[in-house]
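Here is how the chains run, residue by residue.
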Amino acid sequence: MVRKWTRRRLLGDTAFRYIADAWNIRQFQYCFGTLDIYKRWAKSQGLPVLVDEVGTRGARLLWIGPRNTTRVVLYFHGGGYVIPLQDFSASFWNYVRSRLSRGGLDAGFAIMSYSIVPTEIFPTQLAQAAEALQHVIASGCSPQNIHIVGDSAGGNLALALLSHMLHPVSGVPSLSLTSRIGGVFLMSPWVSLTGNTGSQAENDQWDVVGAKTFQYCGRKVLDSVPESLHVYLEASKDPARWFQGVDRFVYRIFITAGEVECLRVDIIKIANTLSKNRRRIKLNIQRNGVHNDPFFDFFAGETRILCDLTPQIFRWLQKGLTEIKYDDD
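Cut-offs applied
- Residues numbered from 1 in each chain as written.
- Predicted model: local features only at pLDDT ≥ 70, side-chain atom pairs only at ≥ 80, totals over all residues.
- Heavy atoms only, no water.
- Helix = DSSP H or I, 4+ residues; strand = E, 2+ residues; numbered from the N terminus.
- Rg over C-alpha atoms; globule rule 2.2 N^0.38 Å.
- Buried < 20%, exposed > 50% of the residue type's maximum accessible area, 1.4 Å probe, protein only.
- Areas by Shrake-Rupley, 256 points an atom, 1.4 Å probe, with all protein chains shown as cover.
- Lys, Arg positive; Asp, Glu negative; His and termini not counted.
- Charge placed at Lys NZ, Arg CZ, Asp CG, Glu CD.
- Contact = heavy atoms within 4.5 Å.
- Polar contact = N/O pair within 3.5 Å; in protein donor to acceptor, adjacent residues only side chain to side chain.
- Core = buried A, V, L, I, M, F, W, Y, C linked by side-chain atoms within 4.5 Å.
- Expected span 1.5 Å × (residues − 1).
- Pairing = 2+ DSSP bridges.
- Axes fitted to C-alpha atoms, helices over the stretch in contact; angles between N-to-C directions.
- Parallel < 35°, antiparallel > 145°, perpendicular 65-115°, else oblique.
- Left-handed = near helix turned anticlockwise from the far one by under 90°.
- Salt bridge = Lys/Arg side-chain N within 4 Å of Asp/Glu carboxyl O.
- Disulfide = S-S within 2.5 Å.

A. Fine view of the overall build of the chain. Regarding its fold elements, the chain presents 12 helices and 8 strands. Relative to the 2.2 N^0.38 estimate, which gives 20 Å for 329 residues, the radius of gyration of the chain is 18 Å and therefore close to what a compact globule would have. Considering only C-alpha atoms, the chain reaches an extent of 45 × 45 × 35 Å along its principal axes. In the chain, which comprises 329 residues, the proportion classed as buried is 58%. Here the chain displays about 13,800 Å² of accessible surface, and carbon together with sulfur accounts for 49% of that area. In the chain, 37 side chains carry a positive charge and 29 a negative one; their mean positions are 4 Å apart.

In structure tokens:
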């Protein structure tokens, strides 16, 4: 399958695939740390370094631009639960924030910095996500004005948070919402940590993250997690009625996957499951797209020619941050 890449984007994708294939967890964690990456990135962009300490488990909110709590986009970053924040994902969300602002719509964008494996094991990350959401609400933002966005493992964490709302996990803070969450956006969510579906083999040669890397990270994450909690991490394998009632907690959900990414089949499966329990579900399979495709324009520095999925994400967020929500919607 042929994809029309610019030369810069092709080189960027190839470089990332090489790193993802060659490096192990210790190498990634030795070279990177979320807070340090955020500070360097914010200074390079001429943005203030704004950090909120959250809860009692070590989570932080790292603000992209002004700390605006009227409307908030809460971002759970990806990285297989083993890799800290990647600065190009922050650049993507800063681009979206800036475009919204230029159109007269101001919203606060906050990265949730959570503990990575093996420093902490699941469900610590779930507890940190719950505390981050509580923190945003306590700051004065109504749940209906909050959009949770997550890519890859961050999408997995967003789904785990919805699962916790439906099936509370002992020891994880409970959530009491005065209204539904405005929306949840899942970019290439990592919905099966042990996946070996057809698209894993079919797309391994095309994707920026290979099947072996997904499986390697999955083993590292699941190794110390009690089997009773696997259901919160393996959304594509959840019981058919697991997400029944999710419409009580979120207005709308947008899910995207790349046509040539390893996780495509698993993502389609969870989208179909969610659509049985919430009618405002949108699934977009990006033609020739790879895992987390929109981010890699920013990784490559190819921001003049963005993929066709980026404006769709922008419009979905723009609509969600401005529309009036009704309880019977």
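Next comes the rest of the description.
B. Expanded view of the environment of G320. Considering the arrangement of structural elements, one finds G320 in helix α12 (residues 309-322). With 158 residues separating them along the chain, G320 and L162 place their C-alpha atoms 18 Å apart.

C. Representation of the environment of D106 in the model. Considering the arrangement of structural elements, one finds D106 in the loop between α4 (87-102) and β4 (108-113). Residues D106 and V231, 125 residues apart in the sequence, show an inter-C-alpha distance of 37 Å. Here D106 is in contact with N68, R71 and S101, once residues within four sequence places are set aside. In this structure the side chain of D106 is engaged in a polar contact, spanning 3.0 Å, whose partner is the side chain of S101.

D. Representation of the nonpolar core within the structure. Among the nonpolar cores identified, the biggest contains 111 residues, and W93, M112 and L161 are the most heavily contacted of them. With 9 residues, helix α6 (residues 153-166) is the single largest residue contributor to this core. Ignoring any residue separated from it by four or fewer positions in sequence, one finds W93 in contact with I64, Y75, F109, V149, F185, F295, I313 and L317.

E. Quick peek at helix α1 (residues 7-22). With 16 residues, α1 extends 23 Å from end C-alpha to end C-alpha; this agrees with the ideal 22 Å at 1.5 Å per step. Those residues of α1 that are buried are in contact with α4, α8 (211-222) and α11 (293-299).

F. Quick look at unusual backbone geometry. For the bond from V117 to P118, the omega torsion is 5 degrees, close enough to zero to count as cis. Following the sequence through the fold, P118 ends up in the loop between β4 and α5 (124-138). Backbone torsion omega between F122 and P123 reads 20 degrees, so that peptide bond is classified as cis. Locating P123 in the fold gives a position in the loop between β4 and α5.

G. A look at α4. Between its first and last C-alpha, α4 extends 22 Å over 16 residues, near the 22 Å set by a 1.5 Å rise per residue. Looking only at α4, the buried set comprises F88, S89, A90, S91, F92, W93, N94, V96, R97 and L100. At the exit of α4 stands G104, carrying a positive phi of roughly 90 degrees.

H. Up close: the pairing of strand β7 (residues 253-258). Buried residues dominate β7, accounting for 6 of its 6 residues. Side chains of β7 alternate between two faces, with I253, I255 and A257 and F254, T256 and G258 buried alike. Two elements, β7 and strand β8 (residues 281-286), share 6 bridges in a ladder whose sense is parallel. Along β8, the bridge assignment pairs F254 with K282.

I. Molecular detail of the packing of α4 against α12. Between α4 and α12, whose axes approach to 11 Å, the crossing angle comes to 55 degrees. Classed by the angle they form, the pair α4 and α12 counts as oblique. As for how α4 packs across α12, the hand of that crossing is right-handed. On α12, the residues touching F92, W93, Y95, V96, R99 and L100 of α4 are T310, I313, F314, L317, Q318 and L321.

J. The arrangement of the sheet that holds strand β1 (residues 50-54) in detail. Taking strand neighbours across the sheet as the criterion, the 8 strands line up as β1-β2-β4-β3-β5-β6-β7-β8 in an open arrangement whose pairing is mixed. With one partner strand each, in any of the chains shown, β1 and β8 form the two edges of the open sheet. Strand-to-strand twist across the sheet, computed as the mean angle between neighbouring axes with direction ignored, equals 20 degrees. Bridge count between β1 and strand β2 (residues 59-64): 5 bridges; the pairing is antiparallel. Considered in β2, the bridge of E53 is made with R60. Along the sheet, helix α10 (residues 264-275) makes contact with β7 and β8, crossing β8 at roughly 165 degrees.

K. Structural detail: the pattern of salt bridges. The tally for this structure, following the rule as stated, stands at 13 salt bridges. The salt bridge involving D13 is made with R9; its shortest N-O contact spans 2.7 Å. Of the two residues, D13 and R9 both sit in helix α1, 4 residues apart, roughly one turn of that helix. What makes D13 buried here is its relative accessible area of 4%. Across the pair D52 and R67 runs a salt bridge whose closest N-O atoms are separated by 2.9 Å. A residue pair is termed long-range when its members are at least 10 positions apart, and D52 in strand β1 and R67 in the loop between β2 and β3 (72-76) qualify at 15 residues.

L. Structural context of the state of the cysteines. Following the criterion strictly, the structure yields 0 disulfides and no others. A disulfide-free cysteine, C217 has its sulfur positioned 12 Å from the sulfur of C262, the nearest such atom.

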